[in-house]
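Structural description and commentary
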Amino acid sequence: MSGGFPQGVREQVALACAVLGLEDHGDLVWGHASLRDPDGRGVWMKASTWGFEEITEQRVVLVGWDGQVLEGDGRRHAEYPIHTEIMRARPDVNSVVHTHAPHSVAFAATGQPLRPISHEATFFVPPEIARFTETGDLILTEELGRSVADSLGDRNAMLLVHHGIVTAGPDIPTAVLAAILLERACEKQLLAMSAAELATWSSDEEALAKREHCYPPPLIRHAWDYLVRRLRDRGGS
Ligand SMILES: [Zn+2]
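Residues numbered from 1 in each chain as written. Predicted model: local features only at pLDDT ≥ 70, side-chain atom pairs only at ≥ 80, totals over all residues. Heavy atoms only, no water.

**Details of the overall build of the protein chain**
When you go through the protein chain residue by residue, the secondary structure sums to 7 helices and 8 strands. Rg of the C-alpha trace for the protein chain: 17 Å, near the compact-globule value of 18 Å for 237 residues, within the 12% margin. Across the 237 residues in the protein chain, those meeting the buried criterion constitute 52%. Residue pairs in contact within the protein chain that sit at least 24 positions apart in sequence constitute 66% of those at least 6 positions apart. Total accessible area on the protein chain stands at roughly 10,600 Å², and carbon and sulfur atoms take up 51% of it. The protein chain carries 22 positive and 33 negative side-chain charges, and their two centres are separated by 3 Å. (Helix = DSSP H or I, 4+ residues; strand = E, 2+ residues; numbered from the N terminus. Rg over C-alpha atoms; globule rule 2.2 N^0.38 Å. Buried < 20%, exposed > 50% of the residue type's maximum accessible area, 1.4 Å probe, protein only. Contact = heavy atoms within 4.5 Å. Areas by Shrake-Rupley, 256 points an atom, 1.4 Å probe, with all protein chains shown as cover. Lys, Arg positive; Asp, Glu negative; His and termini not counted. Charge placed at Lys NZ, Arg CZ, Asp CG, Glu CD.)

Below, the structure written as structure tokens:
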């Protein structure tokens, strides 16, 4: 292992879940992270009935494209189509995260545009953050999964209004960091909006420059390595 990034698919998914748990993305036993199967059989994802911080390599299952559990003993999450359909639509995506991150859910309900008032939102904006509004209910069918993938388009993140967030990336560090940055962006904007109407935010030009300066792949990896070190310092997986 180098730089805190393991090679095994089960270990990578377990680590993603542990980091998301430490970052307060857990909603009791709901929310999940996944990694595309290197052999193309489907997606490796967190098993259901467990919280993020309880996920070990043994609690990661391989879910086929049709929802069958192909490897592993756990149950699959009912919302597996979020993962399978985004990865089916996006060959560039190898990892998907879905959580019910509280500030993101609260922010989505304000109907306000996400503004780059600090660094985090520049990872997504411009253009305006994508929103899925077809339903606030669970994504239980392949058809709804395809709608989620359509709404996400080529973006790295989306608010599922009345529900949660979805992020997508070429690897687990990028998808997990996107989830963390989106939740922090929403938290900061809610904080500002609770004090007054927003008076200022970065122009599109400044936001795009900041995206390049703050979040190029090497810096995403540095942030991921820090999150993994912090987890291990606390005795996590
Ligand atoms: Zn959900």
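So, next bit.
**A closer look at unusual backbone geometry**
Between Val125 and the following residue, Pro126, the backbone shows a cis peptide bond with an omega angle of 0 degrees. Looking at where Pro126 falls in the secondary structure, it is placed in the loop between helix H3 (102–110) and strand S6 (130–132). With an omega of -5 degrees, the peptide bond between Pro126 and Pro127 qualifies as cis. Within the secondary structure, Pro127 is located in the loop between H3 and S6. In this model, Leu28 sits at a positive phi of 55 degrees, which is unusual for a non-glycine residue. By the secondary structure assignment, Leu28 is in the loop between helix H1 (9–22) and strand S1 (32–36). The exposed category is assigned to Leu28, whose relative accessible area is 66%. Its identity as a non-glycine residue notwithstanding, Thr49 has a phi of 80 degrees, on the positive side.

**Looking at the coordination of the zinc ion**
In the first shell of the zinc ion, the protein supplies Glu79 (OE), His98 (NE2), His100 (NE2) and His163 (NE2), at 2.1 to 2.2 Å from the metal. Between the 4 donor atoms coordinating the zinc ion, the angles at the centre fall across 91 to 142 degrees, so the site counts as irregular. One chain supplies every donor to the zinc ion, and in sequence these donors are spaced E-x18-H-x1-H-x62-H. Note that His98 is positioned in strand S5 (residues 95–99) and His163 in the loop between strand S7 (157–160) and strand S8 (164–169), a separation of 65 residues in sequence. Comparing His98 with His163, the two get one shared label, buried. (Donors = N, O, S within 2.8 Å, 3.2 Å for Na, K, Ca; no water. Tetrahedral: all angles 85-135°; square planar, octahedral: opposite > 155°, others 65-115°.)

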